[in-house]
Amino acid sequence: MSEAQIECRDLWKVYGRRSDEAMRAVLSEGLSKEEVRDRFNCVLGVRDASFSVKKGEIFCIMGLSGSGKSTLVRHVNRLIEPTAGEIHVAGQRVDTMNEAGLRQLRAKTIGMVFQHMALWPHRTLGDNVGFGLEVRGVSANQRREASVRALEAMDLGGWIDHYPDQLSGGMQQRVGLARALAADPEILLMDEPFSALDPLIRRQLQDQFLNLSAQMDKTTLFITHDLDEAIRMGDHIAIMNDGEIVQIGTPEEIVTNPKDGYVAEFVKGISRVALVRAETIMDRLDGREVTAKQVGLGAELGDIIEHFMEDQSPVTVMSPDGPPVGQITIKAALTALRG
Amino acid sequence: MDIWNIFDTEWVPIGGWVETALQWVVTHFRFIFQAIKVPFDIVLTGLEDGLTQAPDLLILLLIVLVAWQAGGRRLGLISLACMTGIGLMGAWEESMTTLSIVLTCVVFCSLIGIPLGVVAAKNDRFWMVLQPVLDLMQTIPSFVYLVPIVMLFSIGNVSGVIVTFIYALPPVVRLTNLGIRQVREDMVEAARAFGASNRQTLFKVELPLAMPTIMAGVNQTIMMALSMVVVSSMISVTGLGQMVLRGIGRLDMGLATVGGLGIVFLAIVIDRTSQSFGISARERGHRKWYETGPAGAVRALIKKD
């Protein structure tokens, strides 16, 4: 708990006029989404979601549209009111917070980036970026300073007096990021920030964000519908389906050990070359012969395959402190590659 | 009684009831309606005195400058032509009276209509109640409420403003409501996500983004106010409408034509100018208002020195 920057416990969101009633019925009778809809005319947005995000980590929430991932993330700054459950952010309890405290939290502690940028077209970039400070009553000079700093970090220093519609899509989303970072918040909520961009720009922005994130030690909740992106960005990934979190794990865990058919279906087309490590696929050495081909525990599947180019004899896996611990046959490597 | 012609008898004497009710209101509550007149009276008298007593050419210059500022040089020239035409026809005095009535009406319609529209956009139930009221205000032929208005407010220019106000209020309410509802949801959500209160969200995000639509509503209100000019002259409102009415009454085709043309010219100037106010800065290429038009010209001159 002490280390977790964002923690949600048993979070539920039921939409509809009879949401409380529906909620009680769901808890006591375990109704399905369809039953809730038919009996109470309510929609289950989030169903019993629990997760925690450590300080400095990028936590991806992956799911298709309608899976409730956007709804879930909006509970963190309470743009959406939870029906039940607890939300803790940066040591504060959010679900019971009053309006004034909530505004402080949103303006200071949490920055948010939106899928369609949501930059205000009638404000200059400077005024867009400085908005969070403006509503807190920070003076114009300080606001401008912060805006300049945030825009410069995004390589947009010279654009401060321009308007959003004078920028390309990729630049606009960099402004969106600058706006989220202007108040130097501890936490970033990113709601499919790069989905609306073309692939090349998306890739650039992903890299830029990863660099930035490594430098700045922000805790990030990152939503995406693209598993490749989730694997690239995330330290941990939560997979959502129909309002429920199906599985939480590191990218490797998700890919090598999908919990159910739904996750497996997603993971199918993902390349394992850079994801699966020797440790996961090796057999215990158990007295077998140590070969000349040796790799470490953390070696990636791609490197291991390199060793089978010349001959097909097994590869030995060495522990960090010396002794060999396991071996990988060509069969095991190919099986891991196929998934 | 002839059963086959039962409708020869007036079974529901609604006319009588209304008359009795109105009489009762007039005898007991006339002072309330007289009090309502006061703010309308103050604004109207101020505007009318200013417009009619100032030198004609000064007002002409002012109108042309405002039009130029709002809509560019072309609109400035059009306004110059229209207003000069009115002046040369000998309808200047009357057109100033009409202009002051229209402007007073716009002031009150905006003052009351825009807040109403904002509340309606935020509150679905209120909007459901308001909608039929607005429909009623727009569909009842204005002749119908001329009589009760005269009884409650008496005749004259101020009553004319009130009649016009009732008729011209709906569009600004409707379009404000529409404009606020049309603001992209993620724009509002972003404002909230960065800690804005409801009030800040309204003034910093929703109203500015809805402004082109709201200004279209104000423009509609102005046009409806102008279209009431002739009707309201029946309760002895002076101005261009009265010229037309007198022309009809005396079969004086010349007088009616002058009044009619005056209304058309005035309408062109007001319509184009108010429409230009509604064009957002984005569509003008992000130039501030003071960088264009006469203000821009003056600024350029000052900067050169």
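Located above this text is the structure these notes cover.
Figured I'd write up the structure that's included with this text. (Residues numbered from 1 in each chain as written. Chains lettered and ligands numbered in written order. Predicted model: local features only at pLDDT ≥ 70, side-chain atom pairs only at ≥ 80, totals over all residues. Heavy atoms only, no water.)

Let us look at the overall build of chain B. When its secondary structure is counted, chain B shows 12 helices and zero strands. Mapped from its N terminus to its C terminus, chain B presents α and β elements in the order α-α-α-α-α-α-α-α-α-α-α-α. Taken over the C-alpha atoms alone, chain B extends approximately 90 × 55 × 40 Å along its principal axes. Looking at chain B as a whole, 45% of its 305 residues qualify as buried. A separation threshold of at least 6 residues defines the contact pool for chain B, and within that pool the share at least 24 residues apart is 76%. (Helix = DSSP H or I, 4+ residues; strand = E, 2+ residues; numbered from the N terminus. Buried < 20%, exposed > 50% of the residue type's maximum accessible area, 1.4 Å probe, protein only. Contact = heavy atoms within 4.5 Å.)

Scanning the entire structure with this criterion turns up zero disulfides over all chains. Cys60(A) provides the cysteine sulfur closest to Cys8(A), a residue in no disulfide bond, and the two sulfurs are 16 Å apart. (Disulfide = S-S within 2.5 Å.)

Contact residues are listed per partner, giving 20 residues for chain B and 26 residues for chain A. In total, chain B and chain A occlude about 2,200 Å² of area from one another, counting both sides; carbon and sulfur atoms represent 60% of this. At the junction of chain B and chain A, the tally comes to two salt bridges. Lys204(B) is the salt-bridge partner of Glu134(A), the closest N and O atoms lying 2.6 Å from each other. Linking chain B with chain A are seven residue pairs in polar contact (both at pLDDT 80 or more), by the criterion used here. Of all the secondary structure elements, the ones that give two or more residues to the side of chain B that touches chain A are helix H7 (185-193) and helix H8 (198-227) of chain B. (Buried area = accessible area lost by both parts, 1.4 Å probe. Salt bridge = Lys/Arg side-chain N within 4 Å of Asp/Glu carboxyl O. Polar contact = N/O pair within 3.5 Å; in protein donor to acceptor, adjacent residues only side chain to side chain.)

The subject of this paragraph is a nonpolar patch on the surface. A cluster of nonpolar side chains, contributed by Phe7(B), Trp11(B), Val12(B), Ile14(B), Trp17(B) and Val18(B), occupies part of the molecular surface with about 750 Å² of accessible area. By the element assignment, Ile14(B) lies in helix H1 (residues 14-53). (Patch = residues over 30% accessible without salt bridge, like charges linked within 9 Å, V, L, I, M, F, W, Y side chains within 5 Å. Areas by Shrake-Rupley, 256 points an atom, 1.4 Å probe, with all protein chains shown as cover.)

Attention now moves to the sheet that holds strand E8 (residues 219-224) of chain A. Residue and element names in this part refer to chain A. Pairing is mixed in the open sheet, where six strands are placed in the order E6-E7-E8-E3-E9-E10. The open sheet terminates on both sides in strands that have one partner only, identified here as strand E6 (110-113) and strand E10 (244-249). Strand after strand, the sheet turns through a mean of 15° between neighbouring axes, direction not considered. Taken together, the four bridges between E6 and strand E7 (residues 187-191) define a ladder with parallel strand orientation. The residue bridging Gly111 from the neighbouring strand is Leu188, located in E7. Of the strands in this sheet, strand E3 (58-62), E7 and E8 touch helix H9 (residues 199-216), which is tilted by about 140° from E3. (Pairing = 2+ DSSP bridges. Axes fitted to C-alpha atoms, helices over the stretch in contact; angles between N-to-C directions.)

With that settled, consider the pairing of strand E13 (residues 315-318) of chain A. Remark: a regular strand shows side chains that alternate across the two faces of the sheet. All names here are of chain A. The two faces of E13 match: Val315 and Val317 on one face and Thr316 and Met318 on the other face are all buried. As paired elements, strand E12 (residues 294-296) and E13 share three bridges and run parallel to each other. Looking across to E13, one finds that Val295 is bridged to Val317. Where the polypeptide runs from E12 across helix H14 (residues 301-306) and back to E13, its parallel neighbour, the crossover connection is right-handed. (Right-handed = clockwise from strand over helix to strand, strands pointing away.)

Glancing now at the packing of aromatic side chains. Within this structure, the stated rule accounts for nine aromatic pairs over all chains. With a centroid separation of 5.9 Å and an interplanar angle of 55°, the aromatic rings of Phe194(A) and Phe222(A) are classed as tilted. In this pair, Phe194(A) is assigned in the loop between E7 and H9 and Phe222(A) in strand E8, connecting sequence segments 28 residues apart. Taking 5.5 Å as the distance between ring centres and 90° as the angle between the ring planes, the aromatic pair formed by Phe33(B) and Phe153(B) counts as edge-to-face. Remark: Phe153(B) occurs in helix H5 (residues 142-153) and Phe33(B) occurs in helix H1; sequence separation between them is 120 residues. Of the residues examined, Phe153(B) reaches a relative accessible area of 6% and is grouped as buried. Among the aromatic residues, those joined into a ring-pair cluster are Phe194(A), Phe209(A) and Phe222(A). Directly above the ring of Trp120(A) sits Arg179(A), whose terminal nitrogen or CZ lies 4.5 Å from the centroid. (Phe/Tyr/Trp six-rings, centres within 6.5 Å; stacked < 30°, edge-to-face > 60°. Lys NZ or Arg CZ within 6 Å of the ring centre and 35° of its normal.)

All right, on to the side chain of Ser159(B) then. With respect to the helices and strands, the residue Ser159(B) is situated in helix H6 (residues 157-182). The contacts of Ser159(B), once residues within four sequence positions are left out, are Lys37(B), Ile149(B), Phe153(B), Ser154(B) and Ile235(B).

Now for the side chain of Lys37(B). Inspection of the secondary structure assignment puts Lys37(B) in helix H1. Each residue touching Lys37(B), except ones within four places of it in the same chain, is listed here: Phe153(B), Ser154(B), Val158(B), Ser159(B) and Ile162(B).

With that settled, the discussion passes to the sheet that holds strand E14 (residues 324-328) of chain A. Two orientations exist for strands paired in a sheet by backbone hydrogen bonds: parallel and antiparallel. Here we have four strands laid out as an open sheet, ordered E11-E14-E13-E12 (chain A), and mixed in their pairing. Sheet topology places strand E11 (283-284) and E12 of chain A at the edges, where each strand pairs with a single neighbour.

The next subject is the packing of helix H4 (residues 124-139) of chain B against H6(B). Residues and elements named next belong to chain B. Close contact between H4 and H6 brings their axes to 9 Å; oriented N to C, the two are set at 150°. For the pair H4 and H6, the sense of crossing is left-handed. Facing Asp124, Trp127, Leu130, Leu134, Asp135, Met137 and Gln138 of H4, the residues of H6 in contact are Ile166, Tyr167, Leu169, Pro170, Pro171, Val173, Arg174, Asn177 and Arg181. Across the contact of H4 with H6, the residue classes tally to 10 nonpolar, two polar and four charged. (Left-handed = near helix turned anticlockwise from the far one by under 90°. Nonpolar A, V, L, I, M, F, W, Y, C, P; charged D, E, K, R; others polar.)

The quantities given are spatial measurements derived from coordinates; they are silent on function.
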